[in-house]
Amino acid sequence: MVSSKNTPALPSAMAAGGGDVGTVESPLLPEQAGPARGGGGSASVAGAVFNVSTSVVGAGIMSIPAAMRVLGVAPAVVLIVGVAVLANAAVDFMLRYTRGAPSYAALMHDAFGRAGAALLNVFVAFNAFGTLTVYLVIIGDVMSGAASGGDAHAGVLPEWFGHHWWTSREVVLVAAAAIVLPFVLRKRVDMFRDLLENADSLKFTSAISILLAVVFMLISLGIAVYALFTGTAKMPRMLPDFSTLSSPFELFTAVPVIVVAFTFHFNVHPIRAELSKTSDMKAAVRISLVLCAAIYAAVGFFGFLLFGDATMADVLANFDRSSGAGVPQALNDAARLSYALHLVLVFPLLLFSLRVNVDELLFPRRRPLATDTRRFVSLTAALMAVLYALAIAIPSVWTLFEYSGSTFAVTISLIFPGAIVLRDVHGIAKRKDKALAATMIILAVITSSIAIASNIMSSISSTVGESHVARN
């Protein structure tokens, strides 16, 4: 492979305009490409683990307790482990077929041409838009309170200081945007060298973000243990309770939730390019998946232990409800605040992916985004404005998140990697590789189809039920 020290690398195949997409392994938005053979940066395995883990652990963690409520503890843990194993297999396929391709889109371009790269960019953009909107909605709910009634929870700021104009959802989200702005304006994923100079590093924020996820898990553990000792909690069900399900097919609705929780594939190549040895990426991914699977299983178990069958899709809402746990309010606030801060720190890394993919869709033949400051800033501002408007307009996006998991996330994480192997443009796939790839695709299509059908039927039944109650 050949790289140029002075020529910025293209972020993906789309930006390459269908030309040579195999000459540089680049950072997400590189300012300067490093030697491709030894890696494009100086990041360590630990730094890659932090960045991959940050890409994995996001809003999906809040729905794991609800998944355990639907499935029971044992099947949910098996599902978490199974999806983590499939995610590792998918990333392994992607890395094996990376012959200089600087991004996931370039990999799809190699296998399916410009149409494949464009399709991936569309799916990644929609998935990222939905996830980032969820992040902002959660931050707004935690700090200022939910926008609607029903199962909404009170915000931390109104609880502490009362209701004022500066505790409103709009102002809180503006403040959150101001906090993340210095990080979303960075042009590289790993800024370790900058950390040594000015303490501004996405790897540093990634480490803090994962630490906060662990803190959230430990707080949940503390609350659950407290509730057990006070007799306000009981051991959760190990298996599903079919009497609470409208149909056995409702079990499949938990699958897209777990798939969303392990969707990080669009950040594999950017993080890999920052490693001093790109061959270390496999180890970094495996360590991250083990870490994240353990965090998911622990948070899901403790959340389900604490709230039982009252566990909501947004488990943070339970921390403000009269759940009967009898835990100190300070612990509830600590759980909510640690998770909100975690999302603030995860936000910039996911926005990298969204910005690059939107740029490739809108400006496929323009010069690299990192070299065009005006386009970079304008696109960042436009995306932040759209996300802000969606977070204000949509009080809850959980239903949309479920559909996103059954469509965009499962396609990005399982179907596309499997299709790349079946296409096998380099002729390197073995029979067992193609068998595993076909199995991944079949499982993804079947489970997602059942989940979508179950969600549609539940929505129809709920609408009919509400109409019947209104008439009576």
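Here the structure is a predicted model, which is why all the values come from computation and not from measurement.

**Q** I tried to follow the overall build of the protein on my own but got confused; where do I start?
**A** When helices and strands are tallied, the protein shows 16 helices and zero strands. Considering the protein as a whole, with its 472 residues, one finds that 55% of them fall into the buried category. Partitioning the intrachain contacts of the protein with sequence separation of at least 6 by distance along the chain shows that 81% fall at a separation of at least 24. With the model as given, the accessible surface of the protein reaches about 18800 Å², and the carbon-plus-sulfur share is 66%.

**Q** In this structure, what is going on with the packing of aromatic side chains? I would like to understand it.
**A** For any pair of aromatic rings, geometry is given as the distance between the ring centres together with the angle between the planes. Applying the stated rule across the entire model yields seven aromatic pairs. On the numbers, 5.4 Å between centres and 85° between planes, the contact of F123 with F408 is edge-to-face. Here the residue F123 occupies a position in helix α4 (residues 104-144), and F408 occupies one in helix α15 (residues 398-423), the gap between them amounting to 285 residues. You can call F123 buried: its relative accessible area is 17%. For the ring pair F126 and F408, a centre distance of 5.4 Å and an interplane angle of 10° mean the geometry is stacked.

**Q** Looking at this structure, I do not really get the nonpolar core. What am I missing?
**A** Soluble globular proteins tend to bury their nonpolar side chains together. F262 and F347 are the most contacted members of the largest nonpolar core, which has 122 residues in total. Considering every element that reaches this core, the biggest residue donor is α4, with 20 residues. Here F347 is in contact with L132, Y135, L136, V180, V184, M384 and L387, once residues within four sequence places are set aside.

**Q** Looking at this model, I keep getting lost on the side chain of T167. Mind explaining?
**A** With respect to the secondary-structure elements, T167 resides in the loop between α5 (156-161) and α6 (169-184). Judged by its relative accessible area of 3%, T167 falls in the buried class. A distance of 2.8 Å separates a polar side-chain atom of T167 from the backbone oxygen of H164. Residues in contact with T167, not counting those within four places in the same chain, are S144, L157, P158, G162 and V172.

**Q** Just to check I follow, could you spell out empty space enclosed by the protein for this structure?
**A** Vacant regions in the atomic arrangement are exposed by a probe of water-molecule size rolled over the atoms. According to the stated counting rule, one finds five cavities of 30 Å³ or more in the structure shown. For the largest cavity, the calculated volume is near 170 Å³. If you list the elements that add at least two residues to the lining of the largest cavity, you get α1 (45-56), α4, α9 (254-261), α13 (329-362) and α15. For the lining of the largest cavity, the class distribution of residues is 12 nonpolar, eight polar and no charged.

**Q** Looking at this structure, how should I read α4?
**A** Note that an α-helix has 3.6 residues per turn; residues three or four places apart therefore point the same way. Here α4 contains 41 residues, and its C-alpha end-to-end distance of 38 Å is more than 12% below the 60 Å for a straight helix at 1.5 Å per residue. Largest kink in α4: about 145°, centred on F112. With respect to burial, α4 is a largely interior element, 31 of its 41 residues being buried. Once α4 ends, the next one or two residues include G145, with phi positive near 105°.

**Q** Mind showing me how you'd approach a nonpolar patch on the surface here?
**A** On the surface, a nonpolar cluster with roughly 530 Å² of combined accessible area is contributed by W160, F161, W165 and W166. Counting through the fold element by element, F161 comes out in helix α5. Overall, the relative accessible area of 46% leaves F161 in the partly exposed class.

**Q** Help me understand unusual backbone geometry in this model?
**A** Most peptide bonds adopt trans geometry, and most residues besides glycine take a negative phi value. Positioned with a positive phi, D424 is a non-glycine residue whose angle comes to about 50°. For D424, the position within the fold is in the loop between α15 and α16 (431-471). By relative accessible area, which is 14% here, D424 ends up buried.

**Q** Would you explain the packing of α6 against helix α14 (residues 373-393) in this entry?
**A** The contact between α6 and α14 brings their axes to 11 Å, and the two run at 150°. Judged on the interaxial angle alone, α14 and α6 are roughly antiparallel. In this structure, the crossing between α6 and α14 has a hand that is right-handed. Contacts between α6 and α14 involve R169, E170, L173, V174, A177, V180 and V184 from the former and F376, T380, M384, Y388, A391 and I392 from the latter. When grouped by side-chain class, the residues that make up the contact of α6 with α14 number 10 nonpolar, one polar and two charged.

Each value, and the rule that gives it
Residues numbered from 1 in each chain as written. Predicted model: local features only at pLDDT ≥ 70, side-chain atom pairs only at ≥ 80, totals over all residues. Heavy atoms only, no water. Helix = DSSP H or I, 4+ residues; strand = E, 2+ residues; numbered from the N terminus. Buried < 20%, exposed > 50% of the residue type's maximum accessible area, 1.4 Å probe, protein only. Contact = heavy atoms within 4.5 Å. Areas by Shrake-Rupley, 256 points an atom, 1.4 Å probe, with all protein chains shown as cover. Phe/Tyr/Trp six-rings, centres within 6.5 Å; stacked < 30°, edge-to-face > 60°. Core = buried A, V, L, I, M, F, W, Y, C linked by side-chain atoms within 4.5 Å. Polar contact = N/O pair within 3.5 Å; in protein donor to acceptor, adjacent residues only side chain to side chain. 1 Å grid on protein atoms, 1.4 Å probe; cavity = no way out; pocket = protein on both sides within 12 Å on 5 of 7 lines; lining within 4 Å. Points joined across faces, edges and corners; volume = space filled by probe spheres on them. Nonpolar A, V, L, I, M, F, W, Y, C, P; charged D, E, K, R; others polar. Expected span 1.5 Å × (residues − 1). Bend = angle between axes of the 7 residues up to and from the residue. Patch = residues over 30% accessible without salt bridge, like charges linked within 9 Å, V, L, I, M, F, W, Y side chains within 5 Å. Salt bridge = Lys/Arg side-chain N within 4 Å of Asp/Glu carboxyl O. Axes fitted to C-alpha atoms, helices over the stretch in contact; angles between N-to-C directions. Parallel < 35°, antiparallel > 145°, perpendicular 65-115°, else oblique. Left-handed = near helix turned anticlockwise from the far one by under 90°.

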